Amino acid sequence: MRKMKFSEAIDDAIAQAMAADSRIIILGEDVQALRRNLLVRFGKKRVLNTPISEAAFTGAGITAAMTGLRPVVEIMLVDFIGTAMDAILNHAAKVEAFSGGRWKVPLVIRATCGGGYGDGGQHEQSLWGWLAHIPGISVVVPSTPADAGGLMFSALEHPHPVFFLEHKLLSDMWLDYLGGASRKSVDFDVPFEGTYGQVPSKWTKIPLGQAAVRKTGTNLTIVSLGVGVHRSLECSKILQDNNISAEIIDLRTVSPLDIRTIHESVSKTGCLLVVDEDYQGFGLSGEVAATLLERGLSFEYARVCTSGTIPFSRKLEDEALPNVKRILDASLKLVNKKV
Amino acid sequence: MDLWVLYKQMLRSRLFEEAVSVLWNEGLISGEMHLGTGEEGIIAGIVTQLQEGDSLALDHRGTSALLMRGIDPILLMKELLGLPDGLCSGRSGHMHLFSPELLAASSGIVGSTGPAATGFALAARYLRTGKLSISFFGEGAMNQGMMMESFNLAVTWNLPVIFVCKDDKWSITTHSRNITAGNLTDRAAVFGMPTYEVDGSDVREVWISARKCLNRARAGLGPSFILATCSHLEGHFLGDPLLRTVRKPLSELPGITIPLMKSLLQSGGASALSRLEGLTIILNQVGKTIRDRKREIRDPVKIVRKLLVTEKMQLEKLEAQVFEELAGVISSITSE
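Residues numbered from 1 in each chain as written. Chains lettered and ligands numbered in written order. Predicted model: local features only at pLDDT ≥ 70, side-chain atom pairs only at ≥ 80, totals over all residues. Heavy atoms only, no water.

Turning our attention to the environment of B:Ile42. Residues and elements named next belong to chain B. Among the structural elements, Ile42 can be located in helix α2 (residues 40–47). Taking the relative accessible area as the measure of exposure, Ile42 reaches 0% and is therefore buried. With 159 residues separating them along the chain, Ile42 and Ser201 place their C-alpha atoms 7.1 Å apart. Filtering out sequence-adjacent residues up to four positions away, Ile42 remains in contact with Phe136, Val164, Lys166, Gly200, Val206, Ala228, Thr229 and Cys230. (Helix = DSSP H or I, 4+ residues; strand = E, 2+ residues; numbered from the N terminus. Buried < 20%, exposed > 50% of the residue type's maximum accessible area, 1.4 Å probe, protein only. Contact = heavy atoms within 4.5 Å.)

A few words on the state of the cysteines. The full count for this structure, using the stated rule, is zero disulfides over all chains. No disulfide involves A:Cys113; its nearest neighbouring cysteine sulfur is the one of A:Cys305, lying 15 Å away. (Disulfide = S-S within 2.5 Å.)

Our focus in this paragraph is the interface of chain A and chain B. Listed per partner, the contact involves 47 residues of chain A and 53 residues of chain B. Carbon and sulfur atoms supply 56% of the area that chain A and chain B bury against each other, a total of about 3,900 Å² over both sides. Where chain A touches chain B, the interface holds two salt bridges. B:Glu277 is the partner of A:Lys44 in a salt bridge, and the nearest nitrogen-oxygen pair spans 3.6 Å. At the level of elements, α2 (31–34), α3 (36–42), α9 (172–179) and α14 (314–320) of chain A are the ones that each hand at least two residues to the side of chain A that touches chain B. It is α3(A) that provides the largest number of residues to the side of chain A that touches chain B, a total of seven residues. Looking at the side of chain A that touches chain B residue by residue, the classes come out as 17 nonpolar, 18 polar and 12 charged. (Buried area = accessible area lost by both parts, 1.4 Å probe. Salt bridge = Lys/Arg side-chain N within 4 Å of Asp/Glu carboxyl O. Nonpolar A, V, L, I, M, F, W, Y, C, P; charged D, E, K, R; others polar.)

On to the domain arrangement of chain A. Residues and elements named next belong to chain A. The domains assigned to chain A are domain 1 (2–199) and domain 2 (212–338). For domain 1 versus domain 2, the distance between C-alpha centres works out to 25 Å. Taken together, the contact between domain 1 and domain 2 spans 35 residues of the former and 24 residues of the latter. Buried area between domain 1 and domain 2, summed over both chains or domains, comes out near 2,300 Å², and the portion from carbon and sulfur atoms is 53%. Among the residues of domain 1 in contact with domain 2, Trp128, Val141 and Ser143 are the three that bury the most area, contributing 21% of the side total. (Domains from an automatic or database assignment.)

Given below as structure tokens:
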């Protein structure tokens, strides 16, 4: 076993895959600097700098994938996907269906996501629910280095388009780059368990669509992903002191959604809290509830999400994002409702 | 052209942003921080010629333009600090500054000031005859489709827009020349609008070209394009990893070179030649940054000051005034 940082694990998994499969290339803004370790090992033909032209290079990534390459397209921040959304929505997601299943798009789009470092509402969104809403797109949101590497390894062999989202609070590299974390006296609530940890000596695939139960419990199921998993785990310790036993499920992928694992847990606890850093309305948190209801399950339900545009001010931002206090309040209210 | 007015605005902006830099380094301002230090000549040469009713589409470096346009510096500084009584109630930060009174809107999305200024100009044509809009953007934005679409729209609709490309030769931290085809001024010219190439560190050059563009727009003759060169004194943003490596090699390099060498020598991957080529790209990037630093950077504030230095008394008086204004801003914030 080795120990690695979050982004280092992703790069390492990509390196292992690149060494084995010469079809894998990386393209994106600044990638020759950001992925310099891959550049010096695999050369400039496989790590390509792009202009600030997301629509063009994402669209090109799709057809390159259709004709034999396995591109990893990097969108620096998922917020910047706006200009390339047509390529995702109307092309990457639809080629397979339109071709009657005869043409696939084995494309990975890697982007950072998430807030908590005061960069404002155009640089801190999560958007995984918005992306997963589109049929034909898988969305991965890891919460630990081991998962990040294993899921990336899986994404690189997946025959369909995969969005791979990397939360900036988990990545010291991105937090330094975008949050100026090297400054003294800046204070981010970084969940350290998610930023550095043991990884396998050789990467193997973690299947997409398989959630992980991070903690077993009996009174309440908390479903989350990304940084929310760590906030939920922190909250579960306080709940434990109040004799409330919470089960924490880390989705790991939004789409495909592992509804079986959630179903099993909620059948047991009768109580579901979704902690989702993405926007509250029309998204993942509602989808989880609706899918369980369709399966005939009866349960108490609440959610802690982001409700509006993320404010710049660190104080306002902390209040807007799912924090331990909000998760705790919602958990207590929910469990009391059940009794 | 009144060089005193221009110098005053440029100095106000420079000192304000230097204060911002200190506050950011102290950790009092969160997130990224893109300063406009080094592009004051471009901003002043254009913004000081605007009239009431003209509109501004600003990129992620909008602080300087807003200051020169007359925003209350206390409100602006409070916004950057994320205070509830800031310009945008602490909700915008430096990349998303808005002032409905000044018809000024910012965005952190590269290229988005093209469509924004085009729409401002469209409204001006219906509602504010003789008024115009400015689009500020970097040369990296010239590779965004929406910028080219805006050029086309503004020309075909004959809108009063001035597209101002601030060329610092870097797209984020990639050297623009390596990812940009052709010549940017030629690119704009093919849309059929007048184009100008100026040294953006000389505010006089900017002012003169801008004058022609502004007159043309106000007369209803359509859009123009200005390409103005500049150097950002603080790189892409404060804490720019390239600049940091160059400035503090001893503390920064081990974290970069150790993994780099490990990866360079790892089995599996490209040929030795391709690997060396990759390494050369990284060394060239750092080297280019060092050369940019060593080459005397043409500082627009210093250049205009030199022209005024003979009038020592007046200069000292003006500088004292500007210092006093900034001191007032700082003290009014710290006293709260």
